[in-house]
Amino acid sequence: QLQASGGGLVQAGGSLRLSCTASERTGGNYAMAWFRQGPGKEREFVAAIRLSSGTTVYADSVKGRFTISRDTAKKSVYLQMNSLKPEDTAVYYCAGGRTVIMSNLHNGAAYAHWGQGTQVTVSS
């Protein structure tokens, strides 16, 4: 139900743009988010956006470097990643959910739908 794309290999300091498109209905309070899981690490929140309002939330580790945006007509969200660091290397997952309240946008358990991961590798 969620299709993610855009990963790849990039040098430190470079940029990548991830995309995620939902196939289910995305009205109401639908929210979409990006999570990532690095080698040997637990999954962590990256960024989220409420599709109707455009309200965004970011993890501290990516603030100022990553930007999440949406195209409601296409039921898609994008993650523009700039100034990439080797520690950003991870599998990035797109998530979506209809009833994700604002205080839970960072919480993976609040999202009902998940896409396949896309690998992002940042070389030093």
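Residues numbered from 1 in each chain as written. Predicted model: local features only at pLDDT ≥ 70, side-chain atom pairs only at ≥ 80, totals over all residues. Heavy atoms only, no water.

A. How the structure looks around the overall build of the protein. From N to C terminus, the protein includes 0 helices and 11 strands. The order of helices and strands in the protein, counted from the N terminus, is β-β-β-β-β-β-β-β-β-β-β. Taking 124 residues into account, the globule formula puts the C-alpha radius of gyration at 14 Å, and the protein, at 13 Å, falls close to it. Taking the principal axes of the C-alpha coordinates as reference, the protein spans close to 40 × 25 × 25 Å. (Helix = DSSP H or I, 4+ residues; strand = E, 2+ residues; numbered from the N terminus. Rg over C-alpha atoms; globule rule 2.2 N^0.38 Å.)

B. Local environment of the nonpolar core. Ranked by internal contacts, the top residues of the largest apolar core, which has 37 residues, are M32, W34, L79, M81, Y92 and Y111. For this core, the secondary-structure elements that each account for two or more residues are β1 (2-5), β3 (16-22), β4 (31-37), β5 (44-50), β7 (66-71), β8 (76-81), β9 (90-97) and β11 (118-123). (Core = buried A, V, L, I, M, F, W, Y, C linked by side-chain atoms within 4.5 Å. Buried < 20%, exposed > 50% of the residue type's maximum accessible area, 1.4 Å probe, protein only.)

C. Spotlight on the packing of aromatic side chains. A complete count under the given rule lists 3 aromatic pairs for this structure. Between F35 and F45, the ring centres sit 5.6 Å apart and the planes meet at 70 degrees, which makes this aromatic pair edge-to-face. Of the two residues, F35 sits in strand β4 while F45 sits in strand β5, which places them 10 residues apart along the sequence. When sorted by exposure, F35 lands in the same class as F45, which is buried. Centre to centre, the rings of F35 and W114 are 5.2 Å apart; their planes meet at 50 degrees, and the pair counts as tilted. A residue pair is termed long-range when its members are at least 10 positions apart, and F35 in strand β4 and W114 in strand β10 (residues 113-114) qualify at 79 residues. Looking at F35, the relative accessible area reads 2%, which means it is buried. Each member of the aromatic cluster is reached from another via a ring pair, and the members are F35, F45, Y111 and W114. (Phe/Tyr/Trp six-rings, centres within 6.5 Å; stacked < 30°, edge-to-face > 60°.)

D. Region of interest: the pairing of β7. Across 6 bridges, the pairing between β7 and β8 is antiparallel. Across the sheet, residue T67 finds its bridge partner in β8, namely Q80. Between β7 and β8, which pair antiparallel one after the other, the connecting turn spans 4 residues, and K75 there sits at a positive phi close to 50 degrees. (Pairing = 2+ DSSP bridges.)

E. A look at the pattern of salt bridges. In the structure shown here, the tally under the stated rule is 4 salt bridges. When the shortest N-O distance is used, the salt bridge between R36 and E44 registers 2.6 Å. Judged by its relative accessible area of 33%, E44 falls in the partly exposed class. A salt bridge links R36 to D88; the nearest nitrogen and oxygen atoms lie 2.9 Å apart. (Salt bridge = Lys/Arg side-chain N within 4 Å of Asp/Glu carboxyl O.)

F. Fine view of the environment of G97. Mapped onto the elements of the fold, G97 is located in strand β9. Distance in space between the C-alpha atoms of G97 and G8 is 26 Å, their sequence separation being 89 residues. Once residues within four sequence positions are removed from consideration, G97 is found in contact with N29, Y30, A31, Y111 and A112. (Contact = heavy atoms within 4.5 Å.)

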